[in-house]
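Coordinates in review
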Amino acid sequence: MSVTTTKNLMLFSGRAHPELAEQVAKHLDVTLTPQSAYSFANGEIFVRFEESVRGCDAFVIQAHCAPINDQIMEQLIMVDALKRASAKRITVVMPFWGYSRQDKKHRGREPISARLVADMFKTAGADRIMTVDLHTSQIQGFFDGPVDHLFALPVLAGYVKQTYPGQPLAVVSPDSGRVRLAERWADTLGGTSLAFVHKTRDPRKPNEAIANRVVGEVEGRLCVVIDDMIDTGGTVSKTVEILLRDGASDVIVAATHGILSGSASEKLATCGAREVIFTDTLPITDAKRFPHMTVLPIAPLLAEAIHQVFADGSVTSLFDGNA
């Protein structure tokens, strides 16, 4: 007996950011697979898919936003359900990799939680991971399998290029660790000036940093402060203040992941930045938005990457071979 089968792409969404999954489905011209998902009274999560997933190429989208532990657990349970229902290949689509800041030991007796997340997904049955703008690139090596590391730079830089043409720009890294990313931004924007902010951080005090001085030429320029994520907004707000103090004509903030914990939105709204730009890798509620915040869609990039993976194409080609 011989059977000729065809590849079947199926898209699944967790409950954290359904709007993003719906946009990805729209760009792929597929429908999200219906499922039952709910939490028991004690917080345990239940997921069941309403259609057969046997032999499918499954893509499971979930945003790792607050409450982050619930979102990660729900995605793990979805992956486990797919594995036990005989899905042929399971790709975990996590636009923001939860716990990615804990990628190394700063001091003794600390965890490497980013590795733990990778191990849990591998154990649950994931064959592949797709993510956007990792906190550090070496996290790709934590997962024992293919990792598609996508970049939001074309989306963010393209918007800046179109919105602020003809102005003298300076790309500013909020710390020395983002200088290489700043160089790529500068090349994309046409060889602009580069600068970075020298800052100190106490590893015993999370989310706290002291911005000391600017290294580079920013006077009279429109400064573009770039980062992978903004959580409490404290570091970026101080960076904007220092740039304006040192003679920058104006400041734009561009970051991929808008975590925006606590009073972050209030800090960003009043820090003096002309515009704050995010992508929608994480849900940003109306309560967290302010007039000069811009949220760009990441769904077209995710959809094209999913299409390339499904069709055995090249994800690197989406970034001119630089991914």
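That block above? That's the structure.
These remarks concern the structure in this document. (Residues numbered from 1 in each chain as written. Predicted model: local features only at pLDDT ≥ 70, side-chain atom pairs only at ≥ 80, totals over all residues. Heavy atoms only, no water.)

Further remarks concern helix H5 (residues 179-188). All buried positions along H5 are accounted for by Ala182, Trp185 and Ala186. Projection of H5 onto a plane perpendicular to its axis shows the buried side chains occupying an angular sector of 100°, all on one side. Exposed positions of H5 whose direction lies more than 90 degrees from the buried face are Arg180 and Asp187. Where H5 ends, the next residue or the one after it, Gly190, has phi of about 100°, a positive value. (Buried < 20%, exposed > 50% of the residue type's maximum accessible area, 1.4 Å probe, protein only. Helix = DSSP H or I, 4+ residues; strand = E, 2+ residues; numbered from the N terminus. Arc of directions from axis to C-beta.)

Below, the discussion takes up the packing of aromatic side chains. Tallied over the entire structure, the rule returns four aromatic pairs. With centroids separated by 5.4 Å and ring planes inclined at 80°, the aromatic side chains of Phe151 and Phe319 adopt a geometry described as edge-to-face. Taken together, the residues span a long stretch of sequence, with Phe151 in the loop between strand E7 (147-150) and helix H4 (153-163) and Phe319 in the segment after helix H8 (299-310) at a distance of 168 residues. Clustering of aromatic rings is evident, with ring pairs tying together Tyr38, Phe40 and Phe46. Lying across the ring of Phe310, Lys7 places its NZ or CZ 4.9 Å from the centre. The ring centre of Phe151 lies 4.5 Å from the NZ or CZ of Arg184, which sits over that ring. (Phe/Tyr/Trp six-rings, centres within 6.5 Å; stacked < 30°, edge-to-face > 60°. Lys NZ or Arg CZ within 6 Å of the ring centre and 35° of its normal.)

As summarised here, the arrangement of the five strands in space is E1-E4-E5-E6-E7, forming an open sheet in which the pairing is parallel. Of all strands in the sheet, those bounded by a partner on one side alone are strand E1 (9-13) and E7. Neighbouring strand axes in the sheet, compared pairwise and without regard to direction, differ in orientation by 15° on average. Both strand E4 (residues 57-61) and strand E5 (residues 89-94) contribute to a ladder of five bridges, which runs parallel. When the bridges of E5 are listed, Ala58 appears paired with Ile90. Those strands touched by helix H2 (residues 68-84) are E1, E4 and E5, and its axis lies near 170° from that of E5. (Pairing = 2+ DSSP bridges. Axes fitted to C-alpha atoms, helices over the stretch in contact; angles between N-to-C directions. Contact = heavy atoms within 4.5 Å.)

Between H2 and helix H3 (residues 113-124), whose axes approach to 8 Å, the crossing angle comes to 25°. As far as their axial angle goes, H3 and H2 are roughly parallel. Contacts between H2 and H3 involve Ile72, Gln75, Leu76, Val79, Asp80 and Lys83 on the former and, on the latter, Met120, Phe121, Thr123 and Ala124. (Parallel < 35°, antiparallel > 145°, perpendicular 65-115°, else oblique.)

By the definition in use, this model includes 14 salt bridges. In this structure, Asp228 and Arg178 form a salt bridge, with 3.0 Å as the shortest nitrogen-oxygen distance. Linking Asp228 in strand E11 (residues 222-230) with Arg178 in the loop between strand E8 (169-173) and H5, this pair joins segments that are 50 residues apart in sequence. Across the pair, Arg178 and Asp228 agree in class, each one buried. Beyond isolated ion pairs, a larger network of salt bridges with shared partners links Arg178, Asp227 and Asp228. (Salt bridge = Lys/Arg side-chain N within 4 Å of Asp/Glu carboxyl O.)

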